[in-house]
Amino acid sequence: MGTENELQVDLGHLLAFDPYHSFSPLPSSRDELVNECLRKGTELVQAIADRLFHLPSTEDINGPIVKLPPPTTKLPREKHLPKPKPPTKWEQFAKAKGIKKRKKDKIVWDEQTGAWKRRHGYDRVNDDEDVPIIEAKITDVPGEDPFAKRREEKKKRVEKQEKNRLSNLKQAAKVGALPSHVQLAATALPITGTQAVPEKVTKDELGNVAGLASTATASGGKFDKKLPGEKPAKKRGKHRKFLPVVEGSGIGGQEKEQTENVLRKIMSKNSHEMLNIDKAVSVYNVKKEKKRRNQQGQSSTSSKLKPDAKPMKRKNKPNEKPAKGGGSFKKGNSNRKYS
Amino acid sequence: MLKVKTPKKGRVKRELEKRAPKLVETGKKTLILQGTKTSNVLNSVLTDIYHLKRESALRFTRKNDNIRPFESRGETSLEFFSQKTDCSIFVYGSTSKKRPDNLVIGRTYDHHIYDLVEVGVENFKPIGSFKYDKKLSPQPGSKAFITFIGEGFEIVDKLKHLKEVLLDLLRGEVVENLNLAGIDRAYTCTAVSTNRVLFTHCALRLKKSGTIVPKMELVEVGPSMDLVMRRHRLPNEILRKEAMKTAKDQLKKKIKNVRDDAIEGTKGRIYIPDQKIGKVALPNKTKGLKRERREAKMKREKSERPAKKQKETSA
């Protein structure tokens, strides 16, 4: 039939299209028009049915079932094609090294318990709970609990794997190939340099960070463009001031004074260490003796030194026991030793 | 810092998986909604369209401010709804002095407006106004025949676009296998003039014709209306190319334990677990039997067994 060849039939959509039909005189009344449409429609439906019922069918309880051919009319997709998942770090490595996946048995012989057990999961082979004795090795550090160590190591391995997983997911998210049920949610922003992630960043902390960031240029943020409404940095860092080293009047002397001040401060703080006690004692004694010599006249130095040394010892005696007393001059230190 | 978020419940996970992009898509969901002002006619048009597509449609009954699909910024909330409800076709009704009984049918790609067609509704006859044998009324969700009649759909660009959108709206779920007993409806769209399309929904009556192919008869069941083309917006060419991509050569998934044999046809292999014959309750071990007799019998059997073995060895 000539007319049927002109029809476009798409069995995939059960669609028929007659691109040549036109109402030569448009029917005057609505009813006529509708009837004409229905008549034409019936024709087209019949054309679809002709092809449909000639398709090979399989009998079912509910009726004959035919397999529809794929539709020829292209319609746009609803969503983009699923993107292929990028290979994980391990997969890349395995490919480079030519490592192939090998199938492992689900069930493994467990020597600890003498039974077949699952490789992974609950009640698995070599479970921590099942290991009653761990043999000592030469490398073992005394005082370390090997069981705790085992648990610790396992925990570390799990954590590492979790970290790897996250990084692989991030890589997948970049190309938009995340598994449909996984979402990567951003938590609080870490401040550079801090290891721990702050739970919630306070306003003050944010201000501090903003201040640090705004002054982190060569010019200390002096020539940066300010955003409208941006406040000056909260915390300005103190900058060192260098004084001229060359001596002269006014400012020249300040450098020397500054360094001297620093030196004096250090000296005063550590003066007790710098004092040579032996020398100080002898100097003191010599001075005293000179004084006495001036008062008394002549006497031997060696005989005069001994009684002079005694009062010093006697000074410390009440706090010290005779056996150990000698070295220490500090009261508090010695007290702590024997209490 | 990033954190992996996964659904806590399996149901949520399955729902998310349903919404994920698929290699082969099975059908689009339709969102039916209205603007701030609608007429009685338009309300019943929308309810009737919802009735036709009940299986795969969502009807929003509240007024929606700030939806103006053709204007810039007017599609934001539409796109949001599309995202939220996972619908990729929308039918938006609104009425105004300039465009009375206005229906905007649009499609989205990746939850962004793909194309738009605006039609005015005239001569609307709702489902309720048709009298017909209720036995014929189509089952919800059944696959429909779609017919387009008239050269307008080929020549006029606007109508060509409308045809594509209508096909997408009416085709329903994409199926591979069709039950021939289940075909019961047909849509006919006739291009009456260059900007007017007559749309009707009919039930099918299958009559015996003496051949395999039954004689088809259309019974109008409604709704029926005239669609007058107004504005339309074709998809962006780049976007269209992107959206028309299909999975070309998808690998056929290997079915385990099934092989095709040239002579014997499809052959399947099934696994039957080991029959533990030793543990099977034997009829002669029933409880009803007295213990003494049972024991005696077992003893007899035991004594008989070695004799049998000897026989075997000698033979």
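For the structure, check the block above.
Residues numbered from 1 in each chain as written. Chains lettered and ligands numbered in written order. Predicted model: local features only at pLDDT ≥ 70, side-chain atom pairs only at ≥ 80, totals over all residues. Heavy atoms only, no water.

## Observations regarding the overall build of chain A
- Helices and strands together make up the secondary structure of chain A, namely ten helices and seven strands.
- Put simply, chain A has 339 residues, and 18% of those count as buried.
- Within chain A, contacts between residues at least 6 apart in sequence are counted, and of these 27% link residues at least 24 apart.
- A total accessible area of about 27900 Å² is found for chain A, and carbon and sulfur atoms account for 55% of it. (Helix = DSSP H or I, 4+ residues; strand = E, 2+ residues; numbered from the N terminus. Buried < 20%, exposed > 50% of the residue type's maximum accessible area, 1.4 Å probe, protein only. Contact = heavy atoms within 4.5 Å. Areas by Shrake-Rupley, 256 points an atom, 1.4 Å probe, with all protein chains shown as cover.)

## Quick look at the overall build of chain B
- Within chain B, the secondary structure is distributed over seven helices and 13 strands.
- Relative to its 315 residues, chain B shows a buried fraction of 41%.
- Long-range pairs, those at least 24 residues apart, make up 65% of the contacts in chain B between residues at least 6 apart in sequence.
- With the model as given, the accessible surface of chain B reaches about 20000 Å², and the carbon-plus-sulfur share is 52%.

## So, the sheet that holds strand 3 (residues 57-63) of chain B
- In spatial order, the strands read 1(A)-2(A)-7(B)-9(B)-10(B)-11(B)-6(B)-5(B)-4(B)-2(B)-3(B); together these eleven strands make up an open sheet with mixed pairing. In this open sheet, the two edge strands, each paired with only one partner strand, are strand 1 (8-10) of chain A together with strand 3 of chain B. Each neighbouring strand pair of the sheet contributes to a mean axis angle of 20°, computed without reference to strand direction.
- Bridge count for strand 1 of chain A against strand 2 (residues 15-18) of chain A is three bridges, and the pairing is antiparallel. Within strand 2 of chain A, the residue paired with Val 9 of chain A across the bridge is Ala 16 of chain A.
- Contacts between helix 2 (residues 30-53) of chain A and the sheet are confined to strand 1 and strand 2 of chain A together with strand 6 (112-125), strand 7 (144-149), strand 9 (185-191), strand 10 (196-207) and strand 11 (215-233) of chain B, with strand 11 of chain B contributing the most and set at about 110° to the helix. (Pairing = 2+ DSSP bridges. Axes fitted to C-alpha atoms, helices over the stretch in contact; angles between N-to-C directions.)

## Points about the packing of aromatic side chains
- Tallied over the entire structure, the rule returns seven aromatic pairs over all chains.
- Where Phe 80 of chain B meets Phe 81 of chain B, the ring centres are 6.0 Å apart and the plane angle is 50°; that geometry is what we call tilted.
- A residue is classified by how much of its surface remains accessible, and Phe 80 of chain B, at 48% relative accessible area, is partly exposed.
- Residue class for Phe 81 of chain B comes out buried when judged on its relative accessible area of 15%.
- By way of ring pairs, the aromatic residues Phe 17 of chain A together with Phe 148 and Phe 153 of chain B are connected into one cluster.
- The cationic tip of Lys 163 of chain B hangs over the ring face of Phe 17 of chain A; the distance from NZ or CZ to the ring centre is 4.1 Å.
- The ring of Phe 148 of chain B carries Lys 163 of chain B above its face, with NZ or CZ at 5.7 Å from the centroid. (Phe/Tyr/Trp six-rings, centres within 6.5 Å; stacked < 30°, edge-to-face > 60°. Lys NZ or Arg CZ within 6 Å of the ring centre and 35° of its normal.)

## Observations concerning the interface of chain B and chain A
- Opposite the 77 residues of chain B that make contact, chain A presents 63 residues.
- Summed over both partners, the interface of chain B with chain A comes to about 6400 Å²; 66% of that surface belongs to carbon and sulfur atoms.
- Remark: the boundary between chain B and chain A carries three salt bridges.
- Among the salt bridges present, the one from Arg 77 of chain A reaches Glu 25 of chain B, with a minimum N-O distance of 3.5 Å.
- Run the count over chain B and chain A and you get 25 residue pairs in polar contact (both at pLDDT 80 or more).
- Of the residues in the side of chain B that touches chain A, the class split is 37 nonpolar, 15 polar and 25 charged.
- As defined by bridge partners, strand 2 of chain A adjoins strand 7 of chain B across four bridges and the pair is classed as parallel. Across the sheet, Ala 16 of chain A pairs through a bridge with Thr 147 of chain B, a residue of strand 7 of chain B. (Buried area = accessible area lost by both parts, 1.4 Å probe. Salt bridge = Lys/Arg side-chain N within 4 Å of Asp/Glu carboxyl O. Polar contact = N/O pair within 3.5 Å; in protein donor to acceptor, adjacent residues only side chain to side chain. Nonpolar A, V, L, I, M, F, W, Y, C, P; charged D, E, K, R; others polar.)

## Quick word on the nonpolar core
- Leu 103 and Phe 148 of chain B are the most contacted members of the largest nonpolar core, which totals 38 residues.
- Residue contributions to this core peak at seven residues, all from helix 5 (residues 157-170) of chain B.
- Judged by nonpolar contacts, the second largest core, of 31 residues, contains Phe 23 and Leu 52 of chain A together with Leu 198 and Leu 218 of chain B. (Core = buried A, V, L, I, M, F, W, Y, C linked by side-chain atoms within 4.5 Å.)

## Describing the sheet that holds strand 4 (residues 63-67) of chain A
- Pairing within the open sheet is antiparallel, and its three strands lie in the order 3(A)-4(A)-8(B). Edge positions in the open sheet fall to strand 3 (57-60) of chain A together with strand 8 (177-179) of chain B, since each of these has one partner strand only. Going across the sheet, the axis of each strand differs from the next one's by a mean of 30°, ignoring polarity.

## Quick notes on helix 5 of chain B
Residue and element names in this part refer to chain B.
- Here helix 5 contains 14 residues, and its C-alpha end-to-end distance of 20 Å stays within 8% of the 20 Å for a straight helix at 1.5 Å per residue.
- Extensive coverage of helix 5 is indicated by the burial of ten of its 14 residues.
- Every buried residue belonging to helix 5 is among Leu 159, His 161, Leu 162, Lys 163, Val 165, Leu 166, Leu 167, Asp 168, Leu 169 and Leu 170, and all of these are buried.
- At the exit of helix 5 stands Gly 172, carrying a positive phi of roughly 75°. (Expected span 1.5 Å × (residues − 1).)

## Section: a negative patch on the surface
Residue and element names in this part refer to chain A.
- A cluster of acidic side chains, namely Asp 140, Glu 144, Asp 145, Glu 152, Glu 153 and Glu 159, defines a negative patch on the protein surface.
- Here Glu 153 lies in helix 4 (residues 146-174).
- Owing to a relative accessible area of 41%, Glu 153 belongs among the partly exposed residues under this scheme. (Patch = residues over 30% accessible without salt bridge, like charges linked within 9 Å, V, L, I, M, F, W, Y side chains within 5 Å. Lys, Arg positive; Asp, Glu negative; His and termini not counted. Charge placed at Lys NZ, Arg CZ, Asp CG, Glu CD.)

## Here's the deal with the pairing of strand 12 (residues 258-261) of chain B
Residue and element names in this part refer to chain B.
- Bridge analysis of strand 12 against strand 13 (residues 265-268) gives four bridges, and the strand direction is antiparallel. Across the sheet, the residue bridging to Asp 260 is Thr 266, located in strand 13.
- Hairpin geometry of strand 12 and strand 13 is characterised by an intervening segment of three residues between the two adjacent antiparallel strands.

## What to know about the pattern of salt bridges
- Inspection of the entire model under this criterion finds 27 salt bridges over all chains.
- A salt bridge links Glu 43 of chain A to Arg 39 of chain A; the shortest N-O distance between them is 3.4 Å. Here Glu 43 of chain A pairs with Arg 39 of chain A, and both are found in helix 2, just four residues apart, close to one helical turn.
- Across the pair Asp 168 of chain B and Lys 28 of chain B runs a salt bridge whose closest N-O atoms are separated by 2.7 Å. Here Lys 28 of chain B lies in the loop between helix 1 (10-19) and strand 2 (30-34) and Asp 168 of chain B lies in helix 5, a separation of 140 residues in the sequence. For the residue pair Asp 168 of chain B and Lys 28 of chain B, the accessibility class agrees, reading buried in each case.

## With respect to the side chain of Glu 118 of chain B
- For Glu 118 of chain B, the location among the structural elements is in strand 6.
- Here Glu 118 of chain B falls in the buried class, since its relative accessible area comes to 1%.

## Regarding the state of the cysteines
- Applying the stated criterion across every chain, the model contains zero disulfides over all chains.
- Sulfur of Cys 202 of chain B: no disulfide; nearest cysteine sulfur belongs to Cys 37 of chain A and is 9.8 Å away. (Disulfide = S-S within 2.5 Å.)

## Brief notes about the pairing of strand 3 of chain B
All names here are of chain B.
- The pairing of strand 2 with strand 3 spans four bridges and is parallel. What sits directly across from Gln 34, in strand 3, is Lys 63.
- The parallel pair strand 2 and strand 3, bridged by helix 2 (residues 40-52), forms a crossover whose chirality is right-handed. (Right-handed = clockwise from strand over helix to strand, strands pointing away.)

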